[in-house]
Amino acid sequence: QIGSFPTNPAVTVDPATGQARPYSFRICFTDPYQGKVMAEYLFNKLGVKKAAIIRDVGSDYSEGLSEYFVKTFEGLGGTVAANEAFRGGDVDFRAQLTNMKNSGAEAVAMPLLYKEMALIMKQAAELGWKPIFIGGDGYSANMHEIAGDAMVGSYWVYHLSFDDPMLEPLKAKFEKRFGAAPTEVVNTVAAYDIIYWIADAIKRAGKAEGEAVRDAIEDTKDLKLFHFTLTVDKATHNPLNKPAAILQFKDGSAKFLEMYAPQSEF
């Protein structure tokens, strides 16, 4: 099985053994990987040396991103000046925001889902604090209804950007074939590339038999697909150093800035 966007590490790696599940692969990056990208982008691209993080202690998603954000940011030489927490269902984050503001943090990492992130940005603005905010794929366009202009300038790590010019040829191909634009662009792109990945593996295997194809899938290296060049990490069955889309919110929506692949070993 090859997943389009199952981001939990346990999909391809058995948490009990730490070993890759032999027949499970993914074409997306994982939740912890997003935390790594968030940390590197803040430190390397935005020049942030002191950051805060706020996490949901009841969420595997949030804790996974948080762990790798802290590990990477500190590994690069940055300081996590405040590490705040809450439990799912909370709606008042002013105490945590006050602590983060007082810590001297220049930026806030939000490994969270969209409602909490929107409330955090809104309440920060109400407190008169405007740090750099960065979050992961918990982003939703609906956040603007809650946060309003407090979102302006925020950064988001996402799998792809709907307005990335790179996607236009595939959108046009899809519309010509099916008579309508794709409604799930991210999964359309992933499914398209998964098919070509499997086809390439069958060709290299020389036969369409399960074990041979599985071995070829695992051995994939520098395969040029539509939206990136794929090398499989044999230890995890994840794509190795897959670029993430960096978006920035302005003019009422999240706009594509660039693709970014992390470089650190942390």
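(A) Region of interest: the overall build of the chain. When helices and strands are counted, the chain shows eight helices and 13 strands. Taking 2.2 N^0.38 as the reference for a compact globule, 266 residues should give roughly 18 Å; the C-alpha atoms of the chain span a radius of gyration of 20 Å, in line with that estimate. Dimensions of the chain, computed from the C-alpha atoms along their principal axes, are close to 65 × 45 × 35 Å. Counting all 266 residues of the chain, 49% fall into the buried class. Across the chain, the fraction of contacts at a sequence separation of at least 24, relative to all contacts at a separation of at least 6, is 63%. Put simply, the chain shows about 12,400 Å² of open surface, and 52% of that area lies on carbon and sulfur atoms. For the chain, the distance from the average site of its 28 positive side-chain charges to the average site of its 34 negative ones is 3 Å.

(B) Examining the packing of aromatic side chains more closely. Counted by the stated rule, this structure contains 12 aromatic pairs. Ring geometry for Tyr139 against Tyr158: centres 6.5 Å apart, planes inclined by 85°, an arrangement best described as edge-to-face. Of this pair, Tyr139 sits in the loop between β6 (132-135) and α5 (143-147) while Tyr158 sits in strand β7 (residues 155-158), and the two are 19 residues apart along the sequence. A residue is classified by how much of its surface remains accessible, and Tyr139, at 14% relative accessible area, is buried. Residue Tyr158 is classed as buried on the basis of its relative accessible area of 18%. Note that Lys242 overlies the ring of Phe228, its terminal NZ or CZ placed 4.5 Å from the centroid.

Calculation rules
- Residues numbered from 1 in each chain as written.
- Predicted model: local features only at pLDDT ≥ 70, side-chain atom pairs only at ≥ 80, totals over all residues.
- Heavy atoms only, no water.
- Helix = DSSP H or I, 4+ residues; strand = E, 2+ residues; numbered from the N terminus.
- Rg over C-alpha atoms; globule rule 2.2 N^0.38 Å.
- Buried < 20%, exposed > 50% of the residue type's maximum accessible area, 1.4 Å probe, protein only.
- Contact = heavy atoms within 4.5 Å.
- Areas by Shrake-Rupley, 256 points an atom, 1.4 Å probe, with all protein chains shown as cover.
- Lys, Arg positive; Asp, Glu negative; His and termini not counted.
- Charge placed at Lys NZ, Arg CZ, Asp CG, Glu CD.
- Phe/Tyr/Trp six-rings, centres within 6.5 Å; stacked < 30°, edge-to-face > 60°.
- Lys NZ or Arg CZ within 6 Å of the ring centre and 35° of its normal.

Note that every value here comes from positions in space, so none of it alone points to a role or purpose.
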